[in-house]
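In case you want the letters, here they are:
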Amino acid sequence: MTRQCFVNVTIVLMVGAFILFGAAWASAGEKSMLEKAGISVGGFVDTSYSTNLNEPADRQSNGRVYDTEADSFRMNTAHLFMGKEATAESRAGFFVALDFGKNADVSAQDGTNATDQVDFQEAYVNYLLPVGKGLTVTAGIFRTLGGAENINSNENMNFSNSYAFGFGPKTHTGLRLSYDVSSKVGLTLGALNGWDNLDDNNDAKTLEAGVSLDLTDKVSWNHAIYYGSEQDERTSSQRFFYDTVMTYTPSSRFKFVTQVNYGKEQQDGARSSALFDRSEGIFDPDFSDSAFGQNSRALLGHGGEWNALVGYANYTPTEKLGFTLRGERFDDYEGARTGIDQVLYGLTLTSSYQLTPDLMTRLEYRYDISNQNVFGTDAADELSNNQTTIGAQLIYSF
């Protein structure tokens, strides 16, 4: 009770701070008080509508991260952020990102309230040590190093999220060291409580390592590795995860992105239900709904391996109009992540149009298929090996 009261008071104070700073910014004249202090403030509001052509009886689109509800309008996120970069002139910095809405419950770390539609997506302080070119020390909650997609929908190229995003880490709580070897090479090391959990669920820490490479002005290549114990009160079984993303931008009109990842959970490990404990529908019909909690990370206990391949092709013929084609394959051949031995494929086409500099619209067609019958149908006792969804989205950024 005391902890929740503290969280509520913190949220009220933060929202009040945003309002006060916004008023100061609007009335400060040519250069605002925030700008003078090196503080940036902003955010976005994201709302959508999705329909599933399978017309599932439970009105759920299985295997989705956020857009789980079929035939429903959804207030996804109202996102606010405030931050100050740590620089050689001002070595201390901070960043706070607060999410309101249904996405906040999905992204909320274990150990937080995942039913109040409020979540601190990130909250950290950092300091730039005068070591070489500058060693940045960051402590708190921060986003993961891996992946081509992230929690913030306005930074992604598609409306829905890939399986690789859904079954990879989102945020971490811990300590991170970052160092730019040169303008083209960056290194990161960290010690974390784990994947998507505020407090550590065992006595061991998860280690992270990242390398970012700007090979040319058109090609970047990022790598991330995570290794540690992720199971409740178990330190003997380890999880290994490697993710790499290569981005090729030949011109201002084209961008191509490839993501590859591989994960392994040792035997007696916990199967993650990241995409399925957040909706009524579950892939394996033999699993009962009662086996899964809102933020459960366990499915009957079993280890295994998984891998993913995702490719994106983005084309923006004009400054306002854009198209993104995403193809993906997620191989969970031991059921370590989805809870069932299967291979998932997805093909997604998303069009975007910038109605104003601040307001973006998206329309998306997506087709998913599995080598197992895992998707809902209009019959409550029948499953299909495929599903087709259509989604529309509005995002206002400020």
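Sequence positions are assigned chain by chain, starting from 1 and proceeding in written order. Reporting of local features is limited, given that this is a predicted model, to residues whose pLDDT is at least 70; pairs of side-chain atoms are given and counted only at 80 or more, and all residues count toward the totals for whole chains, interfaces and linings. Side-chain numbers here rest on the full set of heavy atoms in the structure, without hydrogens or water.

Next up on the list: the overall build of the chain. When you go through the chain residue by residue, the secondary structure sums to four helices and 18 strands. Throughout this description, buried means an accessible area under 20% of the type-specific maximum (1.4 Å probe, protein chains only), exposed means over 50%, and partly exposed covers the range between. Burial analysis of the chain (398 residues in total) assigns 50% to the buried set. Throughout, a residue-residue contact means that at least one pair of heavy atoms, one from each residue, lies within 4.5 Å. Counting only contacts in the chain whose residues sit at least 6 apart along the sequence, the fraction spanning at least 24 positions is 60%. Every helix listed is a DSSP run of H or I at least four residues long, and every strand listed is a run of E at least two residues long, numbered separately from the N terminus.

The backbone phi angle of aspartate 71 is positive, close to 55°, even though this residue is not glycine. Within the element layout of this structure, aspartate 71 appears in the loop between β1 (39-52) and β2 (72-84). The partly exposed category is assigned to aspartate 71, whose relative accessible area is 35%. Notably, aspartate 196 is not glycine yet its phi reads approximately 55°, a positive angle.

Patch membership needs two things, relative accessible area over 30% and no salt bridge, and members are linked within 9 Å if like-charged or within 5 Å if nonpolar (Val, Leu, Ile, Met, Phe, Trp, Tyr). Calculation of accessible area relied on Shrake-Rupley with a 1.4 Å probe; when residues are assessed, cover is drawn exclusively from the protein chains displayed. A side-chain nitrogen of Lys or Arg and a carboxyl oxygen of Asp or Glu constitute a salt bridge if their distance falls within 4 Å. Taken together, Leu53, Tyr248, Phe254, Phe256, Tyr315, Phe323, Leu325, Leu347, Leu349, Leu363, Tyr365 and Ile390 make up a surface patch of nonpolar side chains, about 1100 Å² in accessible area. For the nonpolar patch, the secondary-structure elements that each account for two or more residues are β11 (254-265), β13 (321-332), β14 (342-354) and β15 (359-370). Along the polypeptide, leucine 349 turns up in strand β14.

Turning to the side chain of histidine 172, a few remarks are in order. Within the fold, histidine 172 resides in strand β6 (residues 171-180). Polar side-chain contacts of histidine 172 include one of 2.9 Å to the backbone oxygen of glycine 194. Contact partners of histidine 172, with chain neighbours within four places excluded, come to Gln109, Gly140, Ile141, Phe142, Arg143, Thr144, Leu192, Gly194, Trp195, Glu208 and Tyr226. Nitrogen and oxygen atoms within 3.5 Å of one another constitute a polar contact, given that in protein one can donate a hydrogen and the other can accept it, and given that sequence-neighbouring residues count only through two side-chain atoms.

Each aromatic ring pair is described using two quantities: the centre-to-centre distance and the angle formed by the ring planes. For Phe, Tyr and Trp, rings pair up if their centres lie within 6.5 Å, where Trp contributes its six-membered ring, and each pair is then called stacked (planes under 30 degrees apart), edge-to-face (over 60) or tilted (otherwise). Scanning all chains against the criterion turns up eleven aromatic pairs. Seen in terms of ring centroids, tyrosine 49 and phenylalanine 73 are 4.7 Å apart; in terms of plane orientation they differ by 50°. Their pairing is tilted. Of the two residues, tyrosine 49 is situated in strand β1 and phenylalanine 73 in strand β2; the sequence distance between them amounts to 24 residues. By relative accessible area, which is 30% here, tyrosine 49 ends up partly exposed. Overall, the relative accessible area of 69% leaves phenylalanine 73 in the exposed class. Clustering of aromatic rings is evident, with ring pairs tying together Tyr248, Phe254, Phe256 and Tyr315. Positioned above the aromatic ring of tryptophan 306, the side-chain terminus of arginine 337 is 4.9 Å from the ring centre. A ring is considered to have a charge above it if a Lys NZ or an Arg CZ atom is located within 6 Å of its centre and within 35 degrees of its normal. Looking at arginine 366, its charged tip hangs above the ring of tyrosine 163, at a distance of 5.3 Å from the centre.

It is worth spelling out the confidence of the model for the chain at this point. On a scale of 0 to 100, pLDDT captures the predictor's confidence in every residue. Mean pLDDT over the chain stands at 85; residues scoring 70 or higher make up 83%. The element-level mean pLDDT for the chain is lowest in helix α1 (residues 2-27), coming to 51, with β15 highest at 98. Note that residues 269-301 has pLDDT below 50 and, in this model, 104 contacts with residues that lie over four places away or in other chains.

This part covers a negative patch on the surface. By the counting rule applied here, Lys and Arg register as positive and Asp and Glu as negative, while His and the ends of each chain are not counted. Where a charge lies is defined by one atom per residue type: Lys uses NZ, Arg uses CZ, Asp uses CG and Glu uses CD. A cluster of acidic residues, Glu55, Asp71, Asp378, Asp381 and Glu382, forms a negative patch at the surface. With respect to the helices and strands, aspartate 378 occurs in the loop between β16 (375-376) and β17 (383-384).

Time to look at the pattern of salt bridges. For the coordinates displayed, the defined rule picks out 14 salt bridges. With a shortest N-O distance of 2.7 Å, lysine 102 and glutamate 69 are connected by a salt bridge. Here lysine 102, found in helix α3 (residues 102-107), pairs with glutamate 69, found in the loop between β1 and β2; they are 33 residues apart in sequence, far enough to count as distant. A relative accessible area of 16% places glutamate 69 in the buried class.

What follows is about empty space enclosed by the protein. In this analysis the probe radius is 1.4 Å and the grid spacing 1 Å, with only protein atoms considered; a cavity is a set of points the probe fits into but cannot get out of, a pocket is an open set with protein on both sides within 12 Å along at least five of seven lines, and lining residues have an atom within 4 Å of a point. Grid points are joined across faces, edges and corners, and a volume is the space filled by probe spheres set on the points. Under the definition given, this model contains four cavities of 30 Å³ or more. The calculated volume of the largest cavity comes to roughly 100 Å³. Taken together, 15 residues form the lining of the largest cavity, with Asp46, Tyr66, Asn103, Phe159 and Asn161 sitting closest to its centre. Just so you know the grouping, Ala, Val, Leu, Ile, Met, Phe, Trp, Tyr, Cys and Pro go in nonpolar, Asp, Glu, Lys and Arg go in charged, and all remaining residues, Gly too, go in polar. Residue classes in the lining of the largest cavity are distributed as three nonpolar, nine polar and three charged.

Nonpolar core, defined: a set of buried Ala, Val, Leu, Ile, Met, Phe, Trp, Tyr and Cys residues in which side-chain atoms within 4.5 Å join the residues together. Counting 25 residues, the largest nonpolar core has Tyr163, Tyr226, Trp306 and Phe330 as its most contacted members. Looking at this core, the elements that each hand over two or more residues are β3 (92-100), α4 (163-166), β9 (219-228), β10 (239-248) and β12 (304-315). For this core, the element with the highest residue contribution is β12, accounting for four residues. Counting residues in each nonpolar core, the second largest holds five residues, with Tyr66, Val106, Ile151 and Phe165 among its members.

Only when DSSP finds a minimum of two bridges between them are two strands counted as paired. Of the strand pairs in this sheet, β1 and β2 are connected by twelve bridges, and their pairing is antiparallel. Looking across to β2, one finds that glycine 43 is bridged to leucine 80. Pairing of β2 with β3 involves seven bridges; the strand directions are antiparallel. In the sheet register, lysine 84 faces β3, and the bridge partner there is phenylalanine 94.

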